[in-house]
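Understanding the architecture of this molecule
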Amino acid sequence: MSKPKVAFFDFTSCEGCQLSILNLETELLELLDIIDIVEFREAMSEKSDTYDIAVIEGSFSRDKDLKRLKKIRETAGVVIAMGSCAHIGGINSLRNNQTREDVQRIVYPDNPTLYETNKKALPISGAITVDAFVPGCPVDVKEFVKIVKNLVLGKAPGLPTYPVCVECKMNENTCVYEYGKTCLGPIVRAGCDAVCTSNGGVCIGCRGLIPNPNINSQKDIMEKYGLDMNLIMDSMNLFMTEEPKEV
Amino acid sequence: MTTVLNKQSTKDSVFDGLGKALGDYKIAALTRREGKILFDYVKDVREIEQEYVPTVLSPKKFFFPQEEIILEYTFDGKVTAKTNPEKIILFGVRPCDISGMKILDEAFSESHGDPNYLSKRENSIIIGIDCKSVCDEDAFCFRVNSQNPESGFDIMLHDIGNEYSMTIFSDKGKEFAETYFDSTLLDYAALAKFNIEKKEAFAKSGGAWEDLDNLPEIFEENSNHKIWETEAERCLSCGSCIMVCPTCYCFDVVDELALSMKVGDRLRRWDACMLRSFAEVAGGENFREEVENRVKHRINRKFNFLMKKHNQAVCIGCGRCVRACLAEISPVTIVEELTKTSRALKLEEKNENLYLPEKVTITKVEQFTENEKFFEVEFDNGRSLGHDPGQFVQLSILGIGEAAISISSPPSFGSRFEMVVRTVGDVTSKLHTLGEGDHLFIRGPFGHGFDDQIQKKMEGKHILYIAGGIGYVPLRSLINLTLKHPEKYKKISILYGCRTPEDQMFKDELQYISSLGGNIELLETVDIGNDKWLKNTGVITELIPMAKFDHLNTVAIICGPPVMYKFVIQTLKRHRLTTDNMYVSLERRMKCGVGKCGHCQIDDLYVCQCGPVFRFSEIEDKEEAL
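Residues numbered from 1 in each chain as written. Chains lettered and ligands numbered in written order. Predicted model: local features only at pLDDT ≥ 70, side-chain atom pairs only at ≥ 80, totals over all residues. Heavy atoms only, no water.

1. As for the overall build of chain A
- Counting its regular elements, chain A contains nine helices and five strands.
- Overall, chain A shows an N-to-C arrangement of helices and strands of β-α-α-β-β-α-β-α-α-β-α-α-α-α.
- By principal-axis analysis of the C-alpha atoms, chain A measures approximately 55 × 50 × 30 Å.
- Within chain A, the proportion of its 247 residues that are buried is 51%.
- Within chain A, contacts between residues separated by at least 24 positions form 71% of all contacts whose residues are at least 6 apart in sequence.
- Carbon and sulfur atoms form 53% of the exposed surface of chain A, whose accessible area is close to 11500 Å².
- For chain A, the separation between the mean place of its 27 positive charges and that of its 34 negative charges on side chains is 4 Å. (Helix = DSSP H or I, 4+ residues; strand = E, 2+ residues; numbered from the N terminus. Buried < 20%, exposed > 50% of the residue type's maximum accessible area, 1.4 Å probe, protein only. Contact = heavy atoms within 4.5 Å. Areas by Shrake-Rupley, 256 points an atom, 1.4 Å probe, with all protein chains shown as cover. Lys, Arg positive; Asp, Glu negative; His and termini not counted. Charge placed at Lys NZ, Arg CZ, Asp CG, Glu CD.)

This is the structure in structure tokens:
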């Protein structure tokens, strides 16, 4: 079996997911036993015109990126959207409820049009077809390795379809709601080993919604715990503005 | 046959003994880790917490862990089964969890014994600590009789002060106690006292469900009960209930390959039938796609499917799922509701004569206005009315007679319901002289109310409630139902007109409604105001334009005195609302409630059967309607 060629690309993002991959260190070397990395701007200067798997970090937020994205799609057999920005739009999409003009003015008050941007920051699937996702902000590198491994083996990527509560309970955490906090765990995709709730935080939804979430019930619960509808929507929109929340 | 031995040890001796055993066994006990209390391995007996608080997970995790390797393999085909038969002591397990362990023992040993569970279990010693009282308000062990397990442990300790009285159940337990504890003969009187005190403390919380043994039958009878739908509506399918359940033992099996791609493991991991993907096959077909089916399946496993197999409820009442459920779904509510329905069904079978009323007791009375009183009543036989909003009952007082009265409380599973009654005739005048504790008779519910079909049609629309005077009462049932889920509607406008401010009913409730905000508005008017009345004065039709509705997206629901309908409907029509989107609730004289006596007839319709709720387009051409 020849090793598949993998290229990393970035769009509108903080590049933190790629940094997480570089932090893998020992596993990264092992990973290189099963793949060849042919392009990775953050780690090497080489580039490649051919690759089998494209890993894309970042949202699609500028029309001029469309050409590059299409080129990647044409070249790669498999396109992986890596991290919240690429997977669901993430933090970048937070501004989608404002007009482009307002957003541009906030960025460059004196010369708004210098900030070149579309009306909306979208997930990569808003521009091209995506074959697999690695959720999270940043991605869980173990999950990244698992998904790459599964794809190389010809298996499905293997993302959980159940919510964070499952992993949170397996870790035997006391529910954060018992401390009067609110958490999106019941509607957000697991796979992170409930890292936030297991370390004193709450789930803020960086991994996107599970399929068929019960948004109504989640809203009712958050309301019961004292949040008004604006706060509830704010918390659901932090990462998930572009996630379909209509029932 | 194992003999039960009774001995006694000082608490110090028990903990000293455990300290010694630490050299030979791993000991798991209740302990504190980063602020949480849970069962975990301890290195020193001083880490053991003596005061019990319910843990998130049960000690099941030591024999059936969240995730474990069952096979190891190399890619060249060498496969090894993996078990991990460690010698462990589980110390301080509570009676409910021991009852749960007994169920897991049965499940994992029947037909093909499960090597991973059994190897761990056979090498373990379980030392229980008996409960003196119910641990919290969510626990319901006493409902399913799990608080006094007769097996499933090796030693059970009963706290009798400075000493533990010990029930030793197994040879393993006997050997362990003899090796590690300094025991004396049992003080039987002290153990008897413990048992009596425990019994009394548990009795305070209540006894076992009367129908406990019949639950499988009751669940079969109620497979289409409405509670499944209402619980499923709130259910998040988050799986928490199952993750924390001591008697759930479903798992998933997955292969994980090392990065080298040369060796790998086959793991089993807890899985949950509440999760959407649980019953999905590779082709995409999902055999329990609907939440309702999954909720049903889970609860049926506990009280029906597996109960038949294990001859006992497969729920131990530990309360973990109740504590874990943010949507407040509880097996207790479901079991008790289904039981109640089954009982009522049996009563109904006996009570087929349609003219035979059932006895209710007045539980609350409140004077609303000069002529109107609020009554809450409760069925003596414990059944729930099971009505749709807009339906009515025939209320009777023996010797006086029967009268049709609308129900003003929203549908509920409880055995109580509410009415507001104006003194107009003999029955209602007599009723006004009665108070809490007095009895009445009820037949019903009768008629066609705001059924599921109408409720569905209302979703996503601007709902315009138009109530005049006592017309608020029959609408209140539906109003309160819709206010539970305002997000289902575009907007909810409640238009309420009365003659004078004194004629307003449910004043506290109105105040609450007007404070809700969001998409809910309350518009009030009176014909004749007074100094304190600061809201609108005038007829109710004046409120209609204030609700600013879009005629294409609005449903109007109207109830009031006969004269009101004509003017309200004219005004709505002027605002281009079609009669298809208007619903009215009509009042008529009724004697039988079942379309026989003839009093309520409008042309070819019986109001008591086809109504009292009608889509206005159905009756607008009927001469006798308004």
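2. Regarding helix α3 (residues 115-122) of chain B
Residue and element names in this part refer to chain B.
- Among the eight residues in α3, six count as buried, and that is most of the element.
- Burial in α3 covers these residues: Asn116, Tyr117, Leu118, Ser119, Lys120 and Arg121.
- Considering only its buried residues, α3 is in contact with β4 (67-74), α2 (95-109), β7 (124-129), α5 (171-180) and β12 (263-270).
- Near the N-terminus of α3, the side chain that reaches the backbone nitrogen of asparagine 116, with its oxygen 3.2 Å away, is that of aspartate 114. (Polar contact = N/O pair within 3.5 Å; in protein donor to acceptor, adjacent residues only side chain to side chain.)

3. Brief notes about the packing of aromatic side chains
Residue and element names in this part refer to chain B.
- Here the structure, examined in full by the defined rule, presents 28 aromatic pairs over all chains.
- When the ring of phenylalanine 64 is compared with that of tryptophan 270, the centres are 6.1 Å apart and the planes differ by 40°; the resulting orientation is tilted. Taken together, the residues span a long stretch of sequence, with phenylalanine 64 in the loop between β3 (36-42) and β4 and tryptophan 270 in strand β12 at a distance of 206 residues. The exposure classification of phenylalanine 64 matches that of tryptophan 270, with both residues buried.
- Aromatic side chains tyrosine 472 and phenylalanine 506 sit 6.0 Å apart centroid to centroid with 50° between the ring planes, which places their arrangement in the tilted category. Placement of tyrosine 472 in helix α15 (residues 472-484) and of phenylalanine 506 in the loop between β20 (491-498) and α16 (507-516) is noted, with a sequence separation of 34 residues between them.
- Cluster of aromatic residues (ring-pair linked, three or more members): Phe63, Phe64, Phe108, Tyr117, Tyr249, Phe251 and Trp270.
- Positioned above the aromatic ring of tyrosine 249 is the side chain of arginine 301, whose terminal nitrogen or guanidinium carbon lies 5.4 Å from the ring centre. (Phe/Tyr/Trp six-rings, centres within 6.5 Å; stacked < 30°, edge-to-face > 60°. Lys NZ or Arg CZ within 6 Å of the ring centre and 35° of its normal.)

4. Overview of the domain arrangement of chain B
Residue and element names in this part refer to chain B.
- Domain parsing of chain B yields domain 1 (5-205), domain 2 (212-345), domain 3 (351-446) and domain 4 (452-619).
- On a C-alpha basis, the centres of domain 1 and domain 2 stand 25 Å from each other.
- The interface of domain 1 with domain 2 comprises 45 residues on the first partner and 42 residues on the second.
- On the domain 1 side of the contact with domain 2, Tyr73, Ile103 and Phe140 bury the most area, a combined 20% of that side's loss.
- The tally of links between domain 1 and domain 2 comes to seven salt bridges.
- Looking at the side of domain 1 that touches domain 2, the elements that each hand over two or more residues are β4, α2, α3 and α4 (141-144).
- Ranked by the residues each element gives to the side of domain 1 that touches domain 2, the list is headed by α2, at 10 residues.
- Residue composition of the side of domain 1 that touches domain 2, grouped by class: 23 nonpolar, nine polar and 13 charged. (Domains from an automatic or database assignment. Buried area = accessible area lost by both parts, 1.4 Å probe. Salt bridge = Lys/Arg side-chain N within 4 Å of Asp/Glu carboxyl O. Nonpolar A, V, L, I, M, F, W, Y, C, P; charged D, E, K, R; others polar.)

5. What to know about the pattern of salt bridges
Residues and elements named next belong to chain B.
- Following the criterion strictly, the structure yields 50 salt bridges over all chains and no others.
- Ionic pairing is found between arginine 416 and glutamate 378, a salt bridge with its closest N-O pair at 3.3 Å. Placement of the pair is arginine 416 in strand β17 (residues 416-422) and glutamate 378 in strand β14 (residues 372-379), with a sequence separation of 38 residues.
- Given the relative accessible area of 41%, arginine 416 is considered partly exposed.
- The class of glutamate 378 is partly exposed, set by a relative accessible area of 25%.
- Salt bridges sharing common partners tie together Glu68, Asp114, Lys120 and Arg268.

6. Section: the domain arrangement of chain A
Residue and element names in this part refer to chain A.
- Under the domain assignment used here, chain A contains domain 1 (5-153) and domain 2 (164-240).
- Using C-alpha coordinates to define each centre, domain 1 is positioned 25 Å away from domain 2.
- Every contact between the two is made by 12 residues of domain 1 and, on the other side, 11 residues of domain 2.
- Regarding the contact of domain 1 and domain 2, the summed buried area is about 860 Å², with carbon and sulfur atoms giving 56% of it.
- Our count for the contact surface shared by domain 1 and domain 2 stands at one salt bridge.
- Linking domain 1 to domain 2 there are two residue pairs in polar contact (both at pLDDT 80 or more).

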